[in-house]
Amino acid sequence: MNNQQKEKINLVTSTISTELDKQSEVEATYDEMLGHELRTASIAIQKSLHPDFNHVTNEQLVELAQQLNIGGLTLFERRGNEFIGVRSSDPKEIGANSKTWGIVYTAQLQLADRKTVDVGTGLSMENFWSGPIDTASTDETNIRKWGEYYDGTTNYIINPYLNVSSSLEHYREKVGVDVSIHELLDSNKGNLLEIGVLNPEKIFDKGPTPNNREKWYSERLILNGSYTYRDQAEESKLKEALEKKSTVFYNVMINGTNVLKSFTPIETSNLKYKRDDLNKVVMVATDYTQIEKTLQQQFREVFFFMSIVTLLVCTVIIILFSATRKKNEGAVKTVQDVYLDNINSIVQSIKEQRHDIINHITTISWMIKLKKYESLQDYIDPLIQEAKMMDYKIKAVEINIPALSGIIQAKLAQAEVHNIDMQVDFKNMENLRLTTIKTTDLVRILSNLIDNAFDAANELPITERKVTLEGVVQANQLIIKVHNSCNPVSPDIQSRIFESGFSTKTRKNNKGLGLHIIKQLIERYKGSIDFTMQEASVTFSIVIPLKHEK
């Protein structure tokens, strides 16, 4: 919005610059036309009057001015290095001394010395010079255009003038820069505060003007428009704009209003009538509070929108959290179900072992009573060896994830019940870290794969029932292999083993997961499952990445 505001100011400045250039050309043409008119009047005056001003009356000058339709005329006599008004149609001009009139005095000196006038401005012709429009020193209510004529045939310089105050005012009311400024201000109310074309010399020159000329037309600060939004930084900013020859923007607080001001140097094509080396400057003041109000409104709208979005996001987060919690609870319940099944198996195993233990104790008791000590030792040794082997298998499973370690311990006990030779070998598990969801899913997957292995092994004679469980962490991957002996599997079954709903189990009470679901669970974690089939065994291999966990 700040850039848009500056673009608008640049557009306004460009419009004023164009109008200023046109006005400069028109004023130059108008000024030159008036100069030619004054020269024609001067020649007519010279022919109508006696060459000696002592034989000329003021009444003659009044009548002559009326006949020539000019504002008035004065005759100046040279007295040394001064020019004094000796006859005039305006009594205020009698006795006026031109020595304090700057370039007018210099032009009179050059004319009196019969030189071509060269003062850097005005219209210079043979025996004649016309100066810029300015305020009359003898009547500050009037703005005049003067001519100076001297051909050496008179003892005075002819000084005719035109009153142009009314014509300038009429021009500014109808055409020119002031009209454009009013139109721009009217069409941009509430935003554009002020537009002014300034004479920068009057900002830099803070001293008194010669002969109190600060109210003169040539000494005015504001050439067009107005300039009431003044500030202490204007001089430095104006100097910066003139040095850079480009627009300078700055913000300033003026009477409680945040104003965005700009200074833009303008070089007009009318260099002939330029009185100094400084370019005119276009000043534009805009109300920056309008931008602030718009920004505040937009902020309120954005805040309201973001509040709604935040509320929606919080609602979605709560819903997702609730859904995730339910999912976690469901996963935990599933694992609990797995544990319950295995605990039931362990309980059943304990019951069976209790029955075996009672039988063993009864047998040992009778052998003691019968004093069959040698036979007793032969009977106890295999039992002790079997217990040690079981204890070794259980202790061999050292995994720092209790859920995973627990399910393997349960499966070892279950294998003992079913007379399955189960071997477990885990390596590099000390740094294994899994999320809650991944752990529960891994327990479900592993439990079902081992159960499938048990089911397949149970179809074989006791001596051939073997299940091997291997696990290792390497290269940021968890690799698990489940190997079991089984009856030969036909190629048809091998090709369909991961199909949805396919199963080789015939038990009606089977509640395990199908291999298709197990594969989906593994792939959820960017993992993979594969199997290799031999004549009397099968091996399932699982690979789960650990570096990027969900």
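Above this text you will find the structure in question.
This is a predicted model, so every value here is computed, not measured.

Peer 1: I'm lost on the nonpolar core in this one. Help?
Peer 2: Looking at soluble globular proteins, one finds that nonpolar side chains tend to be buried together. One finds Ile408, Met422, Leu469 and Phe540 to be the most contacted residues of the largest nonpolar core, which totals 45 residues. Of all the elements in the fold, those that place two or more residues in this core are α10 (402-417), β13 (421-427), α11 (436-458), β14 (466-474), β15 (477-485), α13 (515-524), β16 (528-533) and β17 (537-545). Counting residues per element, this core draws most heavily on α11, at 10 residues. With sequence-adjacent residues up to four places away left out, Phe540 is seen in contact with Leu449, Ile480, Lys481, Val482, Ile497, Phe498, Leu515, Ile529, Asp530 and Phe531. With 24 residues, the next largest nonpolar core counts Leu38, Leu64, Tyr156 and Tyr217 among its residues.

Peer 1: When you look at the packing of helix α1 (residues 2-48) against helix α5 (residues 177-187) in this model, what are you seeing that I'm missing?
Peer 2: Packed helices, taken two at a time, are described by their axes: the angle between them and the distance between them. Where α1 contacts α5, the two axes come as close as 9 Å, and the packing angle between them is 160°. Considering the angle they form, α1 stands roughly antiparallel to α5. Crossing handedness for the pair α1 and α5: right-handed. Every residue of α5 that contacts α1 at Val12, Thr15, Ile16, Glu19, Leu20 and Gln23 is listed here: Val177, Ser180, Ile181 and Leu184. Residue classes in the contact of α1 with α5 are distributed as 6 nonpolar, 3 polar and 1 charged.

Peer 1: Looking at this structure, I do not really get the packing of aromatic side chains. What am I missing?
Peer 2: If you walk through the whole model with that rule in mind, you get 5 aromatic pairs. With a centroid separation of 5.8 Å and 85° between ring planes, the pair formed by Phe76 and Trp101 is classed as edge-to-face. Placement of the pair is Phe76 in strand β1 (residues 72-79) and Trp101 in the loop between β2 (82-88) and α3 (103-112), with a sequence separation of 25 residues. The exposure classification of Phe76 matches that of Trp101, with both residues buried. An aromatic cluster of three or more residues is present, and its members are Phe498, Phe531 and Phe540.

Peer 1: Hey, could you run me through the sheet that holds β16 in this one?
Peer 2: Pairing between sheet strands relies on hydrogen bonds along the backbone, with the strands arranged either parallel or antiparallel. Pairing is mixed across the open sheet formed by 5 strands, whose spatial order is β13-β14-β15-β17-β16. On the outer flanks of this sheet lie β13 and β16, each paired with one strand and no other. With direction set aside, neighbouring strand axes in the sheet form an average angle of 10°. Relative to β17, β15 runs antiparallel, the two being bridged by 9 bridges. Directly across from Ile480, in β17, lies its bridge partner Ile542. Packing of α10 onto the sheet brings it into contact with β13 and β14, and relative to β13 it is tilted by some 160°.

Peer 1: Looking at this structure, I do not really get the pattern of salt bridges. What am I missing?
Peer 2: Note on pairing: side chains with opposite charge can pair once their charged atoms come close. Counted according to the given criterion, the structure contains 11 salt bridges. For Arg78, the salt bridge is made with Asp113, and the minimal N-O distance between the two is 3.0 Å. Placement of the pair is Arg78 in strand β1 and Asp113 in the loop between α3 and β3 (123-125), with a sequence separation of 35 residues. Residue Arg78 is classed as partly exposed on the basis of its relative accessible area, which comes to 33%. Under the relative-accessibility criterion, Asp113 is labelled partly exposed at 39%. The partner of Asp451 in a salt bridge is Lys411, and the shortest N-O contact between them spans 2.5 Å. Of the two residues, Asp451 is situated in helix α11 and Lys411 in helix α10; the sequence distance between them amounts to 40 residues. For Asp451, a relative accessible area of 24% corresponds to the partly exposed category. One salt-bridge network, in which partners are shared between bridges, spans Asp90, Glu93 and Arg144.

Peer 1: Sorry if this is basic, but what is going on with α5 here?
Peer 2: The periodicity of an α-helix, 3.6 residues per turn, causes residues three or four positions apart to be oriented the same way. Turning to α5, its buried residues number three or more, namely Val177, Asp178, Val179, Ser180, Ile181, Leu184 and Leu185. Its buried side turned inward, α5 meets α1, α4 (165-174), β8 (192-198) and β9 (222-225).

Peer 1: Could you clarify how one ought to interpret the pairing of β15 in this entry?
Peer 2: The sheet contact formed by β14 and β15 spans 8 bridges and is antiparallel. In the strand pairing of β15, Glu470 is matched with Lys481. Linking two consecutive strands that pair antiparallel, namely β14 and β15, is a turn of 2 residues; a positive phi of about 55° is found at Ala475 within it.

Peer 1: Hey, could you run me through the sheet that holds strand β11 (residues 257-266) in this one?
Peer 2: One open sheet accounts for 5 strands, arranged β9-β8-β12-β11-β10; its pairing is antiparallel. Taken across any chain shown, the strands that pair with only one partner, and hence form the sheet edges, are β9 and β10 (248-254). Across the sheet, the mean angle from the axis of one strand to that of its neighbour is 25°, orientation sign disregarded. The sheet strands contacting α1 are β8, β9, β10, β11 and β12 (280-287), and the helix crosses β12 at an angle near 145°. Relative to the sheet, helix α7 (residues 234-244) contacts β10, β11 and β12, its axis offset from that of β11 by approximately 35°.

Peer 1: Before we go on, may I ask you to explain the environment of Tyr227 in this structure?
Peer 2: Inspection of the secondary structure assignment puts Tyr227 in the loop between β9 and α7. Separated by 31 residues in the primary sequence, Tyr227 and Gly196 have C-alpha atoms spaced 5.7 Å apart. Leave out the neighbours within four places in its chain, and Tyr227 touches Glu194, Leu198, Ile203, Leu221, Ile222, Glu234, Lys261, Phe263 and Met283. At a separation of 2.4 Å, a polar atom in the side chain of Tyr227 contacts the side chain of Glu234. At a separation of 3.0 Å, a polar atom in the side chain of Tyr227 contacts the side chain of Lys261.

Peer 1: Help me understand a nonpolar patch on the surface in this model?
Peer 2: A cluster of nonpolar side chains, contributed by Val302, Phe305 and Met306, occupies part of the molecular surface with about 300 Å² of accessible area. One can find Met306 in helix α8 (residues 289-369). Here Met306 falls in the partly exposed class, since its relative accessible area comes to 42%.

Peer 1: Teacher, can you tell me more about α3 here?
Peer 2: Buried within α3 we find Val104, Tyr105, Ala107, Gln108, Gln110 and Leu111. The elements touched by buried residues of α3 are β1, β2, β4 (128-130), β6 (143-149) and β7 (157-163). Immediately beyond the C-terminal end of α3, within one or two residues, lies Arg114, with a positive phi of roughly 65°.

Criteria and thresholds
- Residues numbered from 1 in each chain as written.
- Predicted model: local features only at pLDDT ≥ 70, side-chain atom pairs only at ≥ 80, totals over all residues.
- Heavy atoms only, no water.
- Core = buried A, V, L, I, M, F, W, Y, C linked by side-chain atoms within 4.5 Å.
- Buried < 20%, exposed > 50% of the residue type's maximum accessible area, 1.4 Å probe, protein only.
- Helix = DSSP H or I, 4+ residues; strand = E, 2+ residues; numbered from the N terminus.
- Contact = heavy atoms within 4.5 Å.
- Axes fitted to C-alpha atoms, helices over the stretch in contact; angles between N-to-C directions.
- Parallel < 35°, antiparallel > 145°, perpendicular 65-115°, else oblique.
- Left-handed = near helix turned anticlockwise from the far one by under 90°.
- Nonpolar A, V, L, I, M, F, W, Y, C, P; charged D, E, K, R; others polar.
- Phe/Tyr/Trp six-rings, centres within 6.5 Å; stacked < 30°, edge-to-face > 60°.
- Pairing = 2+ DSSP bridges.
- Salt bridge = Lys/Arg side-chain N within 4 Å of Asp/Glu carboxyl O.
- Polar contact = N/O pair within 3.5 Å; in protein donor to acceptor, adjacent residues only side chain to side chain.
- Patch = residues over 30% accessible without salt bridge, like charges linked within 9 Å, V, L, I, M, F, W, Y side chains within 5 Å.
- Areas by Shrake-Rupley, 256 points an atom, 1.4 Å probe, with all protein chains shown as cover.

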